[in-house]
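# Residue-level structure breakdown
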Amino acid sequence: TAGITQAPTSQILAAGRSMTLRCTQDMRHNAMYWYRQDLGLGLRLIHYSNTAGTTGKGEVPDGYSVSRANTDDFPLTLASAVPSQTSVYFCASSDSREQFFGPGTRLTVL
Amino acid sequence: ELKVEQNPLFLSMQEGKNYTIYCNYSTTSDRLYWYRQDPGKSLESLFVLLSNGAVKQEGRLMASLDTKARLSTLHITAAVHDLSATYFCAVDMSWSNYQLIWGAGTKLIIKP
């Protein structure tokens, strides 16, 4: 079972460019999440979606947007990347009991 | 505002020793999670604690939850090198559709 996949695995991006991080799950979970992980700060929620067609803002949403057109996919878009968005990004999904995580995308914005 | 505090944030210990990681949170919740993260890897679920007094054990790890004290502990018994990792606790904002608030993590290094 694939679980949750993320793409790309890593990326170096020039400041000001846009990028979409992809996340796909095959567990038919309703809820999905995007986190960023920075050293010493744990995980911070960027955006979430409780079900297809709905999204919500997390703790650090500025500079990011999401969409949830169907149950399986939850892409995260950076419209105009800035160096402070350098981080490791994790996508997760939930069966309402616990969250399951993808392998992460390491993004460097120069 | 819900805050989750772990301590210690860094722990270096010898194999064979016992130790406890603490997770305090600031407001009412009756769901708490422990995750493990190896360097450069994703997060792996260890324990889901769903009620006051819950205790779960897996191998050398045991987790407990005291919702009245707003405290969870992760106890390591007779540590072995393979348990070296970063451990996170997370508390469920159950009023907000299963969003989790995360502790900063405890980096555990177990020396042979």
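What you see is a predicted model, and the numbers here were worked out from it, not measured in a lab. (Residues numbered from 1 in each chain as written. Chains lettered and ligands numbered in written order. Predicted model: local features only at pLDDT ≥ 70, side-chain atom pairs only at ≥ 80, totals over all residues. Heavy atoms only, no water.)

### Here we look at the state of the cysteines
All names here are of chain B. In plain terms, the rule: Only a pair of cysteine sulfur atoms within 2.5 Å counts as a disulfide in this structure description. Segments assigned H or I by DSSP are reported as helices when at least four residues long, segments assigned E as strands when at least two residues long, and all are numbered from the N terminus. Note on classification: 1.4 Å probe, protein chains only; a residue is buried when its accessible area is under 20% of the maximum for its type, exposed when over 50%, partly exposed between these limits.
Applying the stated criterion to the full structure yields two disulfides over all chains. Disulfide partner of Cys23: Cys89, at an S-S distance of 2.0 Å. Judged by the torsion about the S-S bond (80°), the Cys23/Cys89 disulfide is right-handed. Highlighted residues: Cys23 in strand β3 (residues 19–25) and Cys89 in strand β9 (residues 85–93), separated in sequence by 66 residues. Like Cys23, the residue Cys89 is buried in the burial classification.

### Here's the deal with the environment of Gln99 of chain B
To keep things clear, this is the line we draw: Counted as a polar contact is a pair of N or O atoms within 3.5 Å, where, for protein atoms, one must be capable of donating a hydrogen and the other of accepting one, and residues adjacent in sequence contribute only when both atoms are in side chains.
Secondary-structure assignment places Gln99 of chain B in strand β10 (residues 99–102). For Gln99 of chain B, a relative accessible area of 8% puts it in the buried group. A polar contact of 3.5 Å, which involves the side chain of Gln99 of chain B, links it to the side chain of Tyr48 of chain A.

### Digging into the interface of chain A and chain B
Where interface size is quoted, it is often the accessible area lost as the parts come together. The cut-off we apply is this: Contacts are assigned to residue pairs that have any heavy atoms within 4.5 Å of one another. Here's the idea: put two parts together, see how much 1.4 Å probe accessible area each one loses, and the total over both is what we call buried area. Only Asp, Glu, Lys and Arg are considered charged, only Ala, Val, Leu, Ile, Met, Phe, Trp, Tyr, Cys and Pro nonpolar, and every remaining residue, Gly among them, polar.
Each partner contributes to the interface: chain A provides 18 residues, whereas chain B provides 19 residues. Carbon and sulfur atoms make up 51% of the surface buried where chain A meets chain B, a total of about 1600 Å² over both sides. When the area that chain A buries against chain B is broken down by residue, the three leading residues are Leu43, Arg97 and Phe101 of chain A, summing to 30%. Linking chain A with chain B are six residue pairs in polar contact (both at pLDDT 80 or more). When residues of the side of chain A that touches chain B are assigned to their parent elements, the largest contribution, four residues, is made by strand β5 (residues 42–49) of chain A. A per-class count over the side of chain A that touches chain B returns eight nonpolar, eight polar and two charged.

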